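# Coordinate inspection notes
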Amino acid sequence: MVRIIMNGCNGHMGRVISELVEKDENAEIAAGIDVADMKIYNYPVYTNVFDCDKEADVMIDFSSPKATDNVLKYCVEKKLPLVLCTTGLSEEQLSCVNEAAKETAVLRSANMSLGINTLLKLLQDAAKVLATAGFDMEIVERHHNLKVDAPSGTALALADSLNEAMDNEYHYVYDRGQKREKRDEKEIGISAVRGGTIVGDHEVIFAGPDEVIEFRHTAYSKTVFAKGAVEAAKFLSGKPAGLYNMSHVINK
């Protein structure tokens, strides 16, 4: 039985994960962390992560970058493995994630879905053929109107996957409205759309002479991310210190 501390338990993802784990014979929520105890769970909820004294095997964090620093400190102090799902982290925070991974197991992923992580692999194969042949690469991501960070962490992960396949020769352009000039051959354009209740839609476009190839992933429910987070928690429990990602879960 894997015991989980759910940071951000009152948020939408925290609730979905709590519902999934309640039906899972191999996992349980030992405690929740959030800004308020809404008295809606059968597990204790703490408003300060450092007040949580429940024994656990792993923490899942689906909250906000504002909470990340304390989450990392807590997990390092407790030597508690951490599934870090929060996006929009600063460069300084990403550096702290790497330092924390020297002390405890940290699995960080911009997107927890099996489909997206399979797409990351497919894109590298496509880029090696198409970008090498002169195709331009563009990413368009669409999310609901409540999402704060842009572009999405998943869009950046897709861009990084493309760039890695091309020996990191490319740079990213986020807003073409800020300048009027011809497209650079070594750029990856990233556009963000916010509206309605779109759960998550990511489109990668390879545009070449007289032909266009598109890869697209659409999430119709946040349950796909919750399932991935729970599977990641089961995988990470008991693992030695180090930095992990969803490819480790998929290829276990």
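This text follows the structure it describes.
Report on the accompanying structure. (Residues numbered from 1 in each chain as written. Predicted model: local features only at pLDDT ≥ 70, side-chain atom pairs only at ≥ 80, totals over all residues. Heavy atoms only, no water.)

## Here's the deal with the sheet that holds strand 5 (residues 82-84)
The strands making up a sheet are joined through hydrogen bonds of the backbone, oriented either antiparallel or parallel. Taken together, seven strands build an open sheet; the order of strands is 3-2-1-4-5-6-12 and the sheet is parallel. Each having just a single partner strand, strand 3 (45-46) and strand 12 (242-244) make up the two edges of the open sheet. Here two bridges tie strand 2 (residues 27-33) to strand 3, and the two strands are oriented parallel to one another. Across the sheet, the residue bridging to G32 is V45, located in strand 3. Packed on one face of the sheet, helix 1 (residues 12-22) meets strand 1 (2-7), strand 2 and strand 4 (58-61) and runs near 150° to strand 2. Together, strand 5, strand 6 (105-108) and strand 12 form the strand contacts of helix 3 (residues 91-100), whose direction differs from that of strand 6 by roughly 140°. (Pairing = 2+ DSSP bridges. Helix = DSSP H or I, 4+ residues; strand = E, 2+ residues; numbered from the N terminus. Contact = heavy atoms within 4.5 Å. Axes fitted to C-alpha atoms, helices over the stretch in contact; angles between N-to-C directions.)

## Description of unusual backbone geometry
Here A150 and P151 are connected by a cis peptide whose omega angle stands at -5°. Mapped onto the secondary structure, P151 falls in the loop between strand 7 (136-143) and helix 5 (153-165). The phi dihedral of N168 falls on the positive side, at around 55°, and the residue is not glycine. Along the chain, N168 falls in the loop between helix 5 and strand 8 (171-173).

## Details of helix 5
With 13 residues, helix 5 should reach 18 Å at 1.5 Å per residue; the first-to-last C-alpha distance of 18 Å fits that figure. Among the residues of helix 5, those classed as buried are G153, T154, A155, L158, A159, S161, L162, N163 and A165. Of the surrounding elements, those touching the buried residues of helix 5 are helix 4 (114-130), strand 7, strand 8, strand 9 (187-194) and strand 10 (200-208). Where helix 5 ends, the next residue or the one after it, D167, has phi of about 60°, a positive value. (Expected span 1.5 Å × (residues − 1). Buried < 20%, exposed > 50% of the residue type's maximum accessible area, 1.4 Å probe, protein only.)

## Some remarks on the packing of aromatic side chains
Taken as a whole and assessed by the stated rule, the structure comprises five aromatic pairs. Note on F206 and F215: the rings are 5.9 Å apart at their centroids and 75° apart in plane angle, and the pair reads as edge-to-face. Since its relative accessible area comes to 21%, F215 is described here as partly exposed. Between the aromatic rings of F235 and Y244, the centroid separation amounts to 6.0 Å while the plane-to-plane angle is 75°, which identifies the pairing as edge-to-face. Each member of the pair, F235 as well as Y244, is classed as buried. Across the ring face of F235, the terminal group of K239 is positioned such that the distance to the ring centre comes to 4.3 Å. (Phe/Tyr/Trp six-rings, centres within 6.5 Å; stacked < 30°, edge-to-face > 60°. Lys NZ or Arg CZ within 6 Å of the ring centre and 35° of its normal.)

## Examining the pattern of salt bridges
Taken as a whole and assessed by the stated rule, the structure comprises 18 salt bridges. We note a salt bridge from K102 to E99, for which the minimum N-O separation is 3.0 Å. Its salt-bridge partner being E141, residue R194 comes within 2.8 Å of it at the nearest N-O pair. Here E141 lies in strand 7 and R194 lies in strand 9, a separation of 53 residues in the sequence. In this structure, a network of salt bridges that share partners links the residues D136, E138, R176, R183 and E187. (Salt bridge = Lys/Arg side-chain N within 4 Å of Asp/Glu carboxyl O.)

## A short note on helix 1
Here helix 1 has its buried residues at M13, G14, V16, I17, S18 and V21. Buried residues belonging to helix 1 abut strand 1, strand 2, strand 4 and helix 6 (223-236).

## Some points on the packing of helix 2 (residues 65-78) against helix 3
Following both chains from N to C, one finds helix 2 and helix 3 inclined at 15°, their axes separated by 10 Å at the closest point. Looking at the two axes, helix 2 sits roughly parallel to helix 3. Relative to helix 3, helix 2 is oriented so that their crossing is left-handed. The residues of helix 3 that touch helix 2, namely those facing P65, T68, D69, L72 and V76, are Q93, C96, V97 and A100. Looking at side-chain class alone, the contact of helix 2 with helix 3 contains six nonpolar, two polar and one charged residues. (Parallel < 35°, antiparallel > 145°, perpendicular 65-115°, else oblique. Left-handed = near helix turned anticlockwise from the far one by under 90°. Nonpolar A, V, L, I, M, F, W, Y, C, P; charged D, E, K, R; others polar.)

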